[in-house]
Amino acid sequence: GEVARAYARYLSPLKGLTRKCVVLDLDNTLWGGIVGEDGPHGIRLGNTAPGSEYQEFQRYLKTLTDRGILLAVNSKNNPDDALEVIRSHEGMVLRESDFSAVRINWRPKPENMRSIAEELNIGVDSFVFLDDNPDEREMMRQLLPEVLTVDLPTDPARYRATVESLPQLQTLVVTEEDRGRVQQYRANRERERARDGSASLEDYLGSLGIVVEVRRAAGDDLARIHQLFQRTNQFNLTTRRYDLGQVTGFASDPGTVLLTARTRDRFGDHGLVAVALARTGRPAWTIDSFLMSCRVIGYGVESAVLSVVSRLAREAGATELVGELIPSKKNAPARDFYSR
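Residues numbered from 1 in each chain as written. Predicted model: local features only at pLDDT ≥ 70, side-chain atom pairs only at ≥ 80, totals over all residues. Heavy atoms only, no water.

Colleague: Looking at this structure, how should I read unusual backbone geometry?
Modeller: Most peptide bonds take the trans configuration, and most residues that are not glycine carry a negative phi. Between Ala49 and the following residue, Pro50, the backbone shows a cis peptide bond with an omega angle of -10°. Going from Arg282 to Pro283, the amide bond is cis rather than trans, its omega being 5°. Structurally, Pro283 can be placed in the loop between strand S9 (268–279) and strand S10 (284–292). A positive phi angle, close to 60°, is found at Asn28, a residue other than glycine. Inspection of the secondary structure puts Asn28 in the loop between strand S1 (21–24) and helix H2 (35–38). The partly exposed category is assigned to Asn28, whose relative accessible area is 21%. (Helix = DSSP H or I, 4+ residues; strand = E, 2+ residues; numbered from the N terminus. Buried < 20%, exposed > 50% of the residue type's maximum accessible area, 1.4 Å probe, protein only.)

Colleague: What is the right way to look at the pairing of strand S5 (residues 148–151) in this model?
Modeller: Consecutive side chains along a regular strand alternate between the two faces of the sheet. Both strand S4 (residues 127–131) and S5 contribute to a ladder of four bridges, which runs parallel. Looking across to S5, one finds that Asp131 is bridged to Asp151. For the handedness criterion, the β-α-β arrangement of S4, helix H6 (residues 134–143) and S5 is classed as right-handed. (Pairing = 2+ DSSP bridges. Right-handed = clockwise from strand over helix to strand, strands pointing away.)

Colleague: Honestly, the pattern of salt bridges in this entry has me stumped. Any pointers?
Modeller: A side chain of one charge can pair with a side chain of the opposite charge if their charged atoms are brought near each other. Under the defined criterion, the tally for this structure stands at 28 salt bridges. One salt bridge connects Glu56 with Arg160, and the closest N-O pair in it is separated by 2.6 Å. Separated by 104 residues along the polypeptide, Glu56 in helix H3 (residues 52–66) and Arg160 in helix H7 (residues 159–164) bring together distant segments of the chain. Across the salt bridge formed by Asp131 and Lys109, the nearest N and O atoms sit 2.6 Å from each other. Highlighted residues: Asp131 in strand S4 and Lys109 in helix H5 (residues 109–120), separated in sequence by 22 residues. Grouping residues by exposure puts Asp131 and Lys109 together as buried. Linked through salt bridges whose partners overlap, the residues forming this network are Glu177, Glu213, Arg215, Asp221, Arg224 and Arg262. (Salt bridge = Lys/Arg side-chain N within 4 Å of Asp/Glu carboxyl O.)

Here's what the structure looks like:
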């Protein structure tokens, strides 16, 4: 059994099955007790028992953010009580800035889950849900079966080991983009605020000061390019999953052009967010793959990349550029890209 589990932990990231966001309940999940009844100072959370097992669990969750996995809160609670603990309890390892989305209210949790997915612009099938309450877990399974709802053990001392062994949270390689991802989502929240204060979309995009840098793939880009090939579903025109060996081959093959796009704006650096793979030829070049992180959809990055591909094709003497589209269950956001 242990060998099978070890294989699963290795194969999940290889197959692109890594989940992107861990969504957490609060009472009896991140701390012991119920803050609304026990009060912010009556909960169990600290570096001695009882309460050290919750702190240990939080420490582990914090390491996930270093690997680019997001954390979010989905809790039925009085927001003032819960936020007081998150912001100022001395036993908390995780603070408000560690959570990319927070829902503390009395709405059904599946409804909150959909709203978190919308805010973060990721699918509900990217979520892992951790809640000590079996009724809440059952409701999530019934209403949102795509969410990975984990059966937490009754003993909180075993929370960490249970979650640590999930194959869907393993990552083989940690890239620069992963390390900065939580910061990027924080910057995204600031962008959203700027958008709310802008008169039009054009004004808003203009105010962001977006810089897109398109270049041929270099050696230190390859791990991140491979990661995008494995993980990107929504803006992905063909969803071909190339492995690291193939990606490395494309970078040096004279018959292919592998381009990357990095982008930044006044709120922060998005890092390497888009990849285009074209097969060269005459009279036609063919765009075999075009994929982009969903967090930059709508910023005009894709048009910038396409214009560079077109220019390179023209300079190489091609008279036609063929863009391939293979519709998938998830790539609706990309389908009209070439026709646009």
